[in-house]
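So the chains spell out like this:
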There are 2 protein chains.
Amino acid sequence: MNNYNAISEDVIQQIKDAVSGKVYVGDEVNEDFFHDEMPIYGEGYPDCLVDAQSTEDVAAIMKICNENKVPVIARGAGTGLTGAGVAIKKGVMINMQTMNEILDYDVDNMVVRVQPGVLLNDLAEDCLSKGYLYPPDPGEKFATLGGNVATNAGGMRAVKYGTTRDYVRAMQVVLPNGEITNFGAVISKSSTGYSLKDLMIGSEGTLGIITELTLKIVPAPKTTISLIVPFEDLNSCIGTVPKLFQANLNPQAIEFMERKIVLASEKYIGKETFPKNIDGTDVNAYLLITFDGDDEDGIYDTMERAAEVLTENGAIDVLVADTPAQLKEAWAARSSFLEAIESQYKLLDECDVVVPITKIAEYVEFVNETAEEYMFDVQSFGHAGDGNLHIYTLSNEEEKLDQFKDEVHEFMLIIYKKAYDLGGKLSGEHGVGAGKLQYLKEFEGGLNTDLMRGIKKVFDPNMILNPDKVIGIN
Amino acid sequence: MNNYNAISEDVIQQIKDAVSGKVYVGDEVNEDFFHDEMPIYGEGYPDCLVDAQSTEDVAAIMKICNENKVPVIARGAGTGLTGAGVAIKKGVMINMQTMNEILDYDVDNMVVRVQPGVLLNDLAEDCLSKGYLYPPDPGEKFATLGGNVATNAGGMRAVKYGTTRDYVRAMQVVLPNGEITNFGAVISKSSTGYSLKDLMIGSEGTLGIITELTLKIVPAPKTTISLIVPFEDLNSCIGTVPKLFQANLNPQAIEFMERKIVLASEKYIGKETFPKNIDGTDVNAYLLITFDGDDEDGIYDTMERAAEVLTENGAIDVLVADTPAQLKEAWAARSSFLEAIESQYKLLDECDVVVPITKIAEYVEFVNETAEEYMFDVQSFGHAGDGNLHIYTLSNEEEKLDQFKDEVHEFMLIIYKKAYDLGGKLSGEHGVGAGKLQYLKEFEGGLNTDLMRGIKKVFDPNMILNPDKVIGIN
């Protein structure tokens with residue numbers, strides 16, 4: 001157990017004197033900052049909140065807190081799903097949303113320099129307006145880019161374009177002692193010592209605070225086509241996915257969904273797009289596939305080859321969406337899964353496991369069968385192209401919160417174990433935060449978590465930065 | 001200064017008793033193991049050499065050496081260019097070339113599992129025979145895959161496909177205390193704690209010894225075309241490169257070369273392929289560009305669009321190579337640069353800087369001008385698509401070895417500084433090893449190298465594994 005100091009009036013005054021951004025103390029802190037999107041992991045109440053205006057603000061706060069052994073946490077848009085951005089040990093919360101400028105584009109080197117508080121959606125739109133694509137595409141478009149980097153956010157387009165890690169070229173970082181440094185460079189290639197940049201990516205704000213990012217962009221593809229592909233069962237649906245890769249069709253996204261969640265989501269948005277029965281055959285699973293490229297003829301050729309592979313492997317039909325309106329409609333239900341779930345249930349927990357793509361069907365069936373033993377409903381969907389599954393445990397029995405938590409814990413231990421048995425990992429893109437911390441040690445093992453804890457102590461000897469996230473003290 | 005123990009008869013006997021592989025002691029060690037491909041950084045004489053047969057062999061050696069504080073070094077094919085694989089502190093050298101099996105393919109998940117001693121060339125050929133491509137393509141095809149991962153090797157195709165880092169999915173690692181662990185998984189996406197896998201990649205055998213690798217493969221593209229593109233001067237040659245990216249032409253490789261090195265290499269191989277004068281205009285620089293893809297029509301369309309961009313931006317001509325024989329011929333001179341240089345000079349040092357692609361011409365001109373002050377010749381070539389340059393300092397005055405070394409050191413300080421001023425790094429793909437260790441601290445700074453040293457001590461508290469490589473003791 002680490003001992004942190006409670007923040008004093010004197011420390012608050014030191015911070016106020018040192019920073020240019022606004023400082024909120026105690027009750028002045030808006031309650032939006034007390035939790036993230038997964039309130040089941042609990043709330044946290046920062047003693048004070050600072051709207052960061054500059055790298056120097058962040059450095060000054062960090063130096064003061066390190067000297068006084070006061071916890072510090074950087075906060076993006078609060079859209080996380082693991083409690084990583086919640087001040088569970090109190091102390092100072094730094095609001096990074098106030099550092100939200102797109103600084104400059106260097107289009108010859110295909111990079112853009114941003115402050116970490118820029119929202120993904122704002123960068124995506126700004127890039128598109130200039131003819132570029134920032135490829136990472138997590139479901140939550142109103143997260144900050146700093147938060148995306150902190151969790152190595154993935155998203156739909158990871159199949160073709162990779163995750164956030166693949167688009168971070170360089171970063172400015174404030175270390176826990178208040179020193180400012182830089183990792184990476186504009187260049188794409190480096191073998192210049194250990195990759196501190198890659199260590200920062202996915203470290204969930206526990207090793208340093210990112211105050212500037214240089215991100216890779218690519219020319220925006222000129223054409224996009226999506227296919228809605230109904231199947232009679234999940235097995236044939238998922239079994240088709242490796243065939244698409246073998247045929248070198250290079251899809252941008254491949255999502256799978258089961259009938260139940262499509263029905264719920266279509267009800268929620270009030271519009272039916274997905275076929276439920278085709279010529280007397282019930283549809284029980286779908287793929288939603290997107291291809292992109294510059295060459296319109298090439299894309300249609302790819303689509304035809306894909307349709308052939310899909311129907312040869314059990315697809316009942318292949319529905320094409322190739323106008324902006326059709327594309328929007330095809331993706332509307334998928335985009336509303338989380339909201340649809342949230343509108344139906346009062347108690348909600350989730351996991352974000354990733355398994356080899358060949359194991360998805362087996363895994364989802366195991367999860368569904370296992371869930372039958374428990375009080376909660378389970379709904380799952382996910383990225384069939386990379387094996388990353390979002391599995392929601394859901395209940396409306398608010399009065400049985402403790403039982404729900406206990407059963408979810410038991411269930412998670414079982415399904416995480418299965419994921420590891422199949423060669424998977426516990427998080428594909430949401431991270432560990434506070435909510436999955438105990439599972440990290442359980443499933444990654446003491447050897448690996450001891451290495452992680454050792455690394456944490458190298459960066460943060462006083463363990464003041466986002467304490468008890470990713471790894472605990474012991 | 002760290003104190004290592006000299007190896008004792010007892011320790012050698014413990015190793016002999018513990019391992020299944022052959023153990024060579026003292027004079028029994030072949031002198032090939034005393035150096036790598038850059039002998040100017042000095043030789044190192046292991047006290048004993050073990051042909052590793054298994055992960056358990058490696059673990060047993062590591063445990064014994066850690067208990068006895070004896071240095072250990074893993075050795076691949078010895079093709080490195082920085083002295084990283086040389087036993088400069090003596091101790092035990094583990095020959096990983098004897099763990100050289102391609103274990104199995106999982107083509108549905110698009111991965112292959114290999115032992116680290118498999119040669120790049122052997123995996124590349126085996127993959128192609130099955131219709132797959134292992135994309136990383138460093139110039140040296142007879143390096144081990146373990147060595148490729150240890151240096152995050154890049155190569156020609158990094159422009160389109162990325163570096164070795166992008167193809168490592170999982171690894172088995174023996175830690176310096178002899179414990180065996182695993183980093184990563186078959187899956188492509190993970191946010192499961194700090195990326196220990198990414199930390200291992202490029203750590204040059206200083207954090208642990210890799211005993212198994214799971215590598216990503218892709219379907220082999222069906223068509224390949226290369227273009228030889230002559231320019232009157234280096235500036236217009238390099239200036240064209242960003243235009244190719246802006247046009248989204250997605251080249252597999254873009255190499256640049258100056259007239260001097262082409263002449264030397266063509267003389268060496270005894271065959272002239274590159275035009276030297278076109279309609280009275282002297283050619284002083286070339287691009288060698290490759291496109292690949294599945295769709296033959298698409299590739300020719302890409303080539304035509306590329307030819308348009310190139311001629312609009314100063315190319316004197318565009319020569320197409322699209323048969324296997326023509327492709328081999330087009331790349332013959334480029335493939336022989338290093339041999340051509342080695343055949344001409346007795347003293348040789350090199351650096352492997354990387355600068356933003358927009359800065360290559362400015363940088364090469366700076367290097368050439370700076371070189372005029374010194375006793376040595378300079379020849380450079382490199383990857384125009386990613387800014388990674390190979391700059392050779394060359395002399396035949398063997399009797400002036402000390403002067404050569406001193407002048408090269410002075411020259412390197414100047415050109416590394418310039419690379420960093422332009423936003424570059426000191427190594428794009430060769431690594432730091434022993435040869436660049438002093439420059440790492442100089443140019444990456446004390447803050448970053450202190451973090452690296454801290455990480456090293458977390459993995460290797462006794463600092464026995466490949467000591468004084470990448471980072472020094474202090």
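Everything quoted here is computed from the prediction, not taken from an experiment.

Asker: I'd love a proper account of the relation of the copies chain A and chain B, names of residues and values included.
Answerer: For the pair chain A and chain B, the relating rotation is 180°, the translation along its axis is 0.0 Å, and the fit reaches an RMSD of 0.0 Å. In short, the pair behaves as if placed about a two-fold rotation axis. Taken together, the interface assignments show that 100% of the residues at the interface of chain A recur at the interface of chain B, consistent with an identical surface on both copies.

Asker: An account of helix 14 (residues 401–421) of chain A is requested, with residue identities and associated values reported.
Answerer: Residues and elements named next belong to chain A. With 21 residues, helix 14 extends 30 Å between its outermost C-alpha atoms, agreeing within 8% with the 30 Å of an ideal straight helix rising 1.5 Å per residue. Regarding helix 14, the residues found buried are Phe 404, Glu 407, Val 408, Phe 411, Met 412, Ile 415, Tyr 416, Lys 418, Ala 419 and Tyr 420. Buried positions along helix 14 lie against strand 18 (347–351), helix 13 (360–371), strand 19 (377–383), strand 20 (388–395) and helix 15 (437–459). After helix 14 finishes, the residue Gly 423 shows a positive phi value of roughly 95°.

Asker: Which residues make up helix 9 (residues 259–269) of chain B, and what values go with them?
Answerer: For helix 9 of chain B, the full list of buried residues reads Ile261(B), Val262(B), Ala264(B), Ser265(B) and Glu266(B). On its buried face, helix 9 of chain B sits against strand 13 (253–258), strand 16 (285–293), helix 11 (324–335), helix 12 (337–344) and strand 19 (377–383) of chain B.

Asker: So what about a negative patch on the surface? Which residues, and what values?
Answerer: Residues and elements named next belong to chain A. A surface patch of like charges, here negative, comprises Glu 232, Asp 233, Asp 282, Glu 365, Glu 369, Glu 372 and Glu 373. Within the secondary structure layout, Asp 233 lies in the loop between strand 12 (223–231) and helix 7 (234–239). Judged by relative accessible area, Asp 233 falls into the partly exposed class, the value being 33%.

Asker: Pulling in residues and values, what's your account of the side chain of Lys436(B)?
Answerer: All names here are of chain B. Tracing the backbone shows Lys 436 in the loop between helix 14 (401–421) and helix 15 (437–459). For the buried Lys 436, which has no salt bridge, the nearest side chain bearing the opposite charge is Glu 350, at an N-O separation of 4.1 Å. Separated by 2.5 Å, the side chain of Lys 436 and the backbone oxygen of Glu 350 make a polar contact. Every residue in contact with Lys 436, bar those within four places of it in the chain, is listed here: Tyr 41, Thr 82, Asp 349, Glu 350, Cys 351, Tyr 416, Leu 426 and Gly 431.

Asker: Before we move on, could you go through the domain arrangement of chain A and cite the residues and values that matter?
Answerer: All names here are of chain A. One can read the domain layout of chain A as domain 1 (9–98 + 453–459), domain 2 (102–219), domain 3 (223–335) and domain 4 (345–428). One C-alpha centre belongs to domain 3, the other to domain 4; they are set 24 Å apart. Roughly 1,400 Å² is buried in total at the junction of domain 3 and domain 4, and carbon and sulfur atoms are behind 63% of that figure. Seen at the junction of domain 3 and domain 4, the total is zero salt bridges.

Asker: Describe in detail the packing of helix 9 of chain B against helix 12 of chain B, supporting the description with residues and values.
Answerer: Residues and elements named next belong to chain B. It is the contact of helix 9 with helix 12, at a shortest axis distance of 9 Å, that shows an interaxial angle of 85°. Relative to helix 12, the element helix 9 is oriented roughly perpendicular. Of helix 12, the residues touching helix 9 (which contributes Ile 261, Val 262, Ala 264, Ser 265 and Tyr 268) are Phe 337, Glu 339, Ala 340, Ile 341, Ser 343 and Gln 344. The class makeup of the residues in the contact of helix 9 with helix 12 is seven nonpolar, three polar and one charged.

Asker: How would you explain the pairing of strand 20 of chain A if you had to name every residue and give the values?
Answerer: All names here are of chain A. Most of strand 20 sits out of view: eight of its eight residues are buried. Burial of the side chains of strand 20 extends over both faces: Asn 388, His 390, Tyr 392 and Leu 394 are buried on one face and Leu 389, Ile 391, Thr 393 and Ser 395 on the other. When strand 18 meets strand 20, the two strands line up antiparallel, connected through five bridges. Paired with Leu 348 across the strands is Leu 394, a residue of strand 20. The sheet contact formed by strand 19 and strand 20 spans seven bridges and is antiparallel. In the strand pairing of strand 20, Ser 380 is matched with Ile 391. The hairpin turn running from strand 19 into strand 20, its antiparallel successor, is four residues long, and Gly 387 in that turn takes a positive phi close to 80°.

Asker: Any chance you could break down the side chain of Lys276(B) for me, citing the residues and the numbers?
Answerer: All names here are of chain B. Looking at the element boundaries, Lys 276 is found in the loop between helix 9 and strand 14 (277–278). The exposure class assigned to Lys 276 is buried, which follows from its relative accessible area of 13%. Polar contacts involving the side chain of Lys 276 include one to the side chain of Glu 272, which spans 3.2 Å. In this structure Lys 276 touches Arg 259, Val 262, Leu 263, Glu 266, Thr 281, Asp 282, Val 283 and Tyr 286, once residues within four positions along its chain are discounted.

Asker: Can you explain the sheet that holds strand 13 (residues 253–258) of chain A? Please cite residues and give values.
Answerer: The strands that make up a sheet are held in pairs by hydrogen bonds between backbone atoms, and each pair lies either parallel or antiparallel. All names here are of chain A. The strand order 17-12-16-13-19-20-18 describes an open sheet built from seven strands, whose pairing is antiparallel. For this open sheet the edge positions go to strand 17 (319–321) and strand 18, each flanked by a neighbour on one side alone. Sheet twist, expressed as the mean angle between neighbouring strand axes with direction ignored, is 20°. Sheet analysis places strand 12 next to strand 16 (residues 285–293), joined by nine bridges and oriented antiparallel. When the bridges of strand 16 are listed, Phe 231 appears paired with Ala 285. Running at roughly 50° to strand 12, helix 11 (residues 324–335) makes contact with strand 12, strand 13, strand 16, strand 17 and strand 19 of the sheet.

Conventions and cut-offs
- Residues numbered from 1 in each chain as written.
- Chains lettered and ligands numbered in written order.
- Predicted model: local features only at pLDDT ≥ 70, side-chain atom pairs only at ≥ 80, totals over all residues.
- Heavy atoms only, no water.
- Least-squares fit on C-alpha atoms with pLDDT ≥ 70 in both.
- Contact = heavy atoms within 4.5 Å.
- Helix = DSSP H or I, 4+ residues; strand = E, 2+ residues; numbered from the N terminus.
- Expected span 1.5 Å × (residues − 1).
- Buried < 20%, exposed > 50% of the residue type's maximum accessible area, 1.4 Å probe, protein only.
- Patch = residues over 30% accessible without salt bridge, like charges linked within 9 Å, V, L, I, M, F, W, Y side chains within 5 Å.
- Areas by Shrake-Rupley, 256 points an atom, 1.4 Å probe, with all protein chains shown as cover.
- Salt bridge = Lys/Arg side-chain N within 4 Å of Asp/Glu carboxyl O.
- Lys, Arg positive; Asp, Glu negative; His and termini not counted.
- Charge placed at Lys NZ, Arg CZ, Asp CG, Glu CD.
- Polar contact = N/O pair within 3.5 Å; in protein donor to acceptor, adjacent residues only side chain to side chain.
- Domains from an automatic or database assignment.
- Buried area = accessible area lost by both parts, 1.4 Å probe.
- Axes fitted to C-alpha atoms, helices over the stretch in contact; angles between N-to-C directions.
- Parallel < 35°, antiparallel > 145°, perpendicular 65-115°, else oblique.
- Nonpolar A, V, L, I, M, F, W, Y, C, P; charged D, E, K, R; others polar.
- Pairing = 2+ DSSP bridges.

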